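Letter by letter, the chains look like this.
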Amino acid sequence: MVKYKKMNITMVFAIILGVIIGSYSINYAISNNILDKKTYKINEKGQLMSVEINEIITEEIFNPAKVYQAIEESNSLDTTRANNTEAFYLDYEESLEGVKNNADLIVIGKVIGQSEYSEIGIKNTIMVTNTIKGKAVDEIYVLKSGSLSDEDYILKEGKEYILLLGDQSKSGENTYFIKGGEQGCFLIDDGVLYAKDAVMDKELKNMIENGNKSMKSGTDQVKAMLDYLR
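Residues numbered from 1 in each chain as written. Predicted model: local features only at pLDDT ≥ 70, side-chain atom pairs only at ≥ 80, totals over all residues. Heavy atoms only, no water.

Side note on the overall build of the protein
Okay, step 1: A count of helical and extended segments in the protein gives five helices and 12 strands.
Okay, step 2: Within the span of the protein, comprising 230 residues, buried residues form 36% of the whole.
Okay, step 3: For the protein, long-range pairs separated by at least 24 residues make up 55% of all intrachain contacts whose partners lie at least 6 apart in sequence.
Okay, step 4: Accessible area for the protein stands at about 13500 Å²; split by element, carbon and sulfur atoms hold 53% of it. (Helix = DSSP H or I, 4+ residues; strand = E, 2+ residues; numbered from the N terminus. Buried < 20%, exposed > 50% of the residue type's maximum accessible area, 1.4 Å probe, protein only. Contact = heavy atoms within 4.5 Å. Areas by Shrake-Rupley, 256 points an atom, 1.4 Å probe, with all protein chains shown as cover.)

Structure representation (structure tokens):
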């Protein structure tokens, strides 16, 4: 009888201990996003996608607050080389036409403020001077990965740009991201347009070569681009 009682006490203690450990493990998994942990990669088009189910992370399902695990491309997907990155979705396009058609908002705007949004993200405040497509507002916010200390960062305070943007309203009202990473960004400098993305730079040069003399000289490039984007 004593032995049986002792066994019951041991079993109860084991069950309680198991519940405590189990509860801690579940809470740890939830807090560290382990239960929903997936491995991601950047494909050849610059799109973020899940390795396990080969699914592209679209604008609709992308969560900017989530840390995605993106591994480098290699013949064998070596997860030991994985790095965490709070990346914004790069919906790469093969042409300016594709970026234009998929943009939720197209504006001319001037960068009037910049602040750190996360460890590797920047919130850019844009004063809108002309709306070509989408909801017309005086001021918008553009979220972009990068660092203010990076001299190569695509947006500069005080500079004016033509921006082709995607909706990022889940991160705040009037908040957007640049389509195609850098594809939807054209710097305006003294009437001349500049594109940082290689595909868009080629498209821009083709437009200039096939345009009129004033466009080739740079005096009418902005107008020609806006006419195309409308």
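Back to the write-up after that little detour.
Topic: the packing of helix α3 (residues 198–209) against helix α5 (residues 221–229)
Between two packed helices, what matters for the description is the angle formed by their axes and the separation of those axes.
Okay, step 1: Between α3 and α5, the shortest axis-to-axis distance is 11 Å and the interhelical angle comes to 110°. Classified by the angle their axes make, α3 and α5 are roughly perpendicular. Within the contact between the two elements, α3 uses L204, M207 and I208 and α5 uses Q221, A224, M225 and Y228. (Axes fitted to C-alpha atoms, helices over the stretch in contact; angles between N-to-C directions. Parallel < 35°, antiparallel > 145°, perpendicular 65-115°, else oblique.)

A word on α3
Okay, step 1: Here α3 is 12 residues long and its end C-alpha atoms lie 16 Å apart, about the 16 Å a rise of 1.5 Å per residue gives.
Okay, step 2: Where α3 is concerned, the buried positions are M200, L204 and I208. The buried residues of α3 occupy an angular sector of 80° when the element is viewed end-on, so they sit on one face. In α3, the exposed residues that point more than 90 degrees away from the buried face are A198, K202 and E209. (Expected span 1.5 Å × (residues − 1). Arc of directions from axis to C-beta.)

Describing the nonpolar core
Okay, step 1: Core analysis: the biggest nonpolar cluster contains 20 residues, and I162, L164, F186, L193 and M225 have the highest contact counts within it.
Okay, step 2: Going through the elements one at a time, α2 (96–102), β6 (105–118), β9 (160–167), β11 (185–189), β12 (192–195), α3 and α5 are the ones with two or more residues in this core.
Okay, step 3: A per-element tally of this core places α5 first, with four residues.
Okay, step 4: Setting aside residues up to four positions removed in sequence, M225 forms contacts with L96, I162, F186, L193, L204 and M207.
Okay, step 5: In terms of nonpolar packing, the next biggest core, distinct from the first, is built from 18 residues, V107, I140, Y153 and L165 among them. (Core = buried A, V, L, I, M, F, W, Y, C linked by side-chain atoms within 4.5 Å.)

Description of the packing of aromatic side chains
Okay, step 1: With the rule as written, the count across this model stands at zero aromatic pairs.
Okay, step 2: We note K100 situated over the ring of Y228; from NZ or CZ to the ring centre the distance is 4.3 Å.
Okay, step 3: K123 extends its terminal NZ or CZ atom over the ring of Y141, reaching a point 4.5 Å from the ring centre. (Phe/Tyr/Trp six-rings, centres within 6.5 Å; stacked < 30°, edge-to-face > 60°. Lys NZ or Arg CZ within 6 Å of the ring centre and 35° of its normal.)

Details of unusual backbone geometry
Okay, step 1: The phi angle at N174 is positive, at roughly 55°, despite the residue not being glycine.
Okay, step 2: Tracing the backbone through its elements, the reader meets N174 in the loop between β9 and β10 (175–178).
Okay, step 3: Unusually for a residue other than glycine, D190 sits at a positive phi of about 55°.
Okay, step 4: Along the chain, D190 falls in the loop between β11 and β12.

Some thoughts on the pairing of β6
Okay, step 1: Note: β6 against β9, six bridges, orientation antiparallel. Counted as the bridge partner of K110 is E160 from β9.
Okay, step 2: When β6 meets strand β7 (residues 121–133), the two strands line up antiparallel, connected through 11 bridges. Opposite G109, over in β7, you have V128 as the bridge partner. (Pairing = 2+ DSSP bridges.)

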